[in-house]
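Chain and residue survey
This is what each chain is made of:
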Amino acid sequence: MVKICCIGAGYVGGPTMAVIAYKCPSVEVVVVDISKPRITAWNSEQLPIYEPGLEDVVKKCRGKNLFFSTEIEKHVAKADIIFVSVNTPTKTQGLGAGKAADLTYWETSARLIADVSKSAKIVVEKSTVPVKTAEAIEKILTHNSKGISFQILSNPEFLAEGTAIDDLFNPDRVLIGGRETPDGMKAVKTLKDIYAHWVPEERIICTNLWSAELSKLAANAFLAQRISSVNAMSALCEATGADVSEVSNAVGKDTRIGPNFLNSSVGFGGSCFQKDILNLVYICECNGLPQVANYWKQVIKVNDYQKTRFVNRVVSSMFNTIANKKIAILGFSFKKDTGDTRETPAIDVCRGLLGDNAQLSIYDPQVPERQIRDDLSMRKLDWEHPGHASSVSFSAPEQISVVTDAYQATGGAHAICILTEWDEFRSLDFQRIYDSMPNPAYIFDGRNIVDVEKLRRIGFVVYSIGKPLDPWLVDMPAD
Ligand code: NAD
Ligand code: UDX
């Protein structure tokens, strides 16, 4: 029986290994982590992450060929294939702070693998890492290896949160990079055979190590760039009376462009896009390519601009003052169908509104109150000024209330900000909500999910990103 061990039981390690175990009953999969609470949760009825379809897959395999454990050394030593799926966040201090990837967790894992291994291993980079990381990992492993053979593969993960199980069941492609030596090619084949249990062969792409590592950063940069492009257009739409949904539709019909990932929003969030672009920017700078670095930086600058623009729109629309006004925040996670709040645009928007002394009533179907309060009080790294963790922090807990349904959040509010596109927000009883709010009652839709005309007929003043402005708002520039 092939034995797999995955170091890191997070958003990627957990679902990916559960699907491998489910699709390959003849393979034993053990997911290990340093976090005891996380492993306890994976072994319980209440999984540590919310992801549609995940529970079902885990329940079918857990205890059969899928295990979660904190006994890292034991399971690493026994494994034939070790996936490393630890976090690779942006460095917060020292050289490259604010841009470079922090590989501390990766290096610790590599050293542990070198220390405890007694037999040949295939070590798979599942985390997103800077191009050329495999070279560094190889050095750590071979310098400490006592003659044991290690093959390093790059197998970046392309799943998106909220659709992880579907993405894993039916991936657009699986990418495997390896050394172009007989041993390297043998290792690639071993991993390919695992995926071949359910992924059609033509969707398994094999490349050299550096192409695989760089393709992951490139894919995330391209995806984020599309969102910043459409968001940049949304500002121009508001200035001219064009409708960004109509523009996206028309542009996306061009088969060279395609219709996906063209939804204008209050900004992209999530643990990957910003981190991976910053990482790309840093790599370009280190390779003497400042023009390329500046090109990609703009994607993040436009994203920041979009969040600021949204806050300015709210404040300017409400007579330039939101002090002590109740504002309902609908949605806090970075997208629907996840409880993940890493880099969610809601953090920056809420901070902006709190900075103008608003009273926020926040509701999200999946994000717990503790998480929201932590996110809003944490210091934020200022990526433009490496080495200086900025003092943008917030600590006025009495300005925030976190509630358990949308009607509670909106009751008596002066304005509603929709920051996540949860399906339940589409079918709210907006007449009931309007009747509970003082006039003028505002809705600021950061996800373009409401029926603008219907809400205007009820009486709301409606702002929807990139849509023709409400007559009420026309003379109030947000920039
Ligand atoms: P995560 O923070 O959810 O999980 C990482 C886990 O690794 C944590 O549980 C942490 O305790 C554990 N860990 C850290 N150091 C460890 C060590 N030395 N030994 C054992 N466990 C250790 O992160 P994630 O979202 O799963 O992301 C993991 C990697 O995958 C990152 O590089 C990320 O960029 C990449 N990625 C993430 C996504 C996504 O949607 N979240 C998608 C594709 C790729
Ligand atoms: C992303 C990549 O899609 C995935 O391939 C990679 O493995 C990890 O990073 P994720 O961050 O989980 O996945 O979600 P994604 O669906 O890409 O959305 C990212 C952000 O962009 C969200 O905040 C989402 O709301 C926003 N978005 C997405 C838009 O604003 N408009 C769009 O058209 C699409």
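These numbers come from a predicted model, not from an experiment. (Residues numbered from 1 in each chain as written. Chains lettered and ligands numbered in written order. Predicted model: local features only at pLDDT ≥ 70, side-chain atom pairs only at ≥ 80, totals over all residues.)

This paragraph deals with the nonpolar core. In terms of nonpolar packing, the biggest core is built from 130 residues, with I82, I329, L330 and C417 touching the most fellow members. In terms of residue count, the dominant contributor to this core is helix α12 (residues 290-317) (eight residues). A domain split of this core shows at least three residues from each of domain 1 (2-208) and domain 2 (242-473). Sequence-distant contacts of I82, defined by excluding residues within four places in its chain, comprise C5, I7, V76, I113, K121, V123 and V124. (Core = buried A, V, L, I, M, F, W, Y, C linked by C-beta atoms within 7 Å. Buried ≥ 20, exposed ≤ 12 C-beta atoms within 10 Å, placed from the backbone. Helix = DSSP H or I, 4+ residues; strand = E, 2+ residues; numbered from the N terminus. Domains from an automatic or database assignment. Contact = placed C-beta atoms within 7 Å.)

Let us look at the site of ligand 2. The full set close to ligand 2 counts 19 residues, and N263, S265, F268, G270 and C272 are the nearest of them. Of all the elements, helix α9 (residues 209-240) adds the most residues to the shell around ligand 2, at three residues. Shared between two domains, the shell around ligand 2 holds at least three residues of each, these being domain 1 (2-208) and domain 2 (242-473). (Near = placed C-beta within 6 Å.)

Domain annotation for the chain reports domain 1 (2-208) and domain 2 (242-473). For domain 1 versus domain 2, the separation of C-alpha centres amounts to 33 Å. Listed per partner, the contact involves 19 residues of domain 1 and 23 residues of domain 2.

Before going further, it helps to spend a moment on the environment of A328. If you trace the backbone, A328 turns up in strand β9 (residues 326-330). Taking the number of C-beta atoms within 10 Å as the measure of exposure, A328 has 25 and is therefore buried. Dropping the residues within four chain positions of it, A328 is found in contact with S361, A409, T410, A413 and I416.

Here we have six strands laid out as an open sheet, ordered β11-β10-β9-β12-β13-β14, and parallel in their pairing. Two strands bound the open sheet, and with one partner strand each, they are β11 (400-402) and β14 (461-464). The average angle at which neighbouring strand axes cross in this sheet is 15°, direction not considered. Of the strand pairs in this sheet, β9 and strand β12 (residues 415-418) are connected by four bridges, and their pairing is parallel. Residue pairing across strands places A328 opposite I416, the latter belonging to β12. Running at roughly 170° to strand β13 (residues 442-445), α12 makes contact with β12, β13 and β14 of the sheet. (Pairing = 2+ DSSP bridges. Axes fitted to C-alpha atoms, helices over the stretch in contact; angles between N-to-C directions.)

As recorded in UniProt, the feature "active site" (unreviewed entry) lies at C272. Along the polypeptide, C272 turns up in the loop between α10 (244-252) and α11 (273-286). When the 25 C-beta atoms within 10 Å are taken as the criterion, C272 is described as buried. (UniProt positions renumbered as here; feature names shortened; annotations may be inferred.)

The environment of ligand 1 is made up of 27 residues, and the closest members are G8, G10, Y11, Y105 and S127. Looking at the shell around ligand 1 element by element, the count peaks at three residues for helix α5 (residues 104-116). Residues belonging to the shell around ligand 1 are distributed by class as follows: 11 nonpolar, 12 polar and four charged. (Nonpolar A, V, L, I, M, F, W, Y, C, P; charged D, E, K, R; others polar.)

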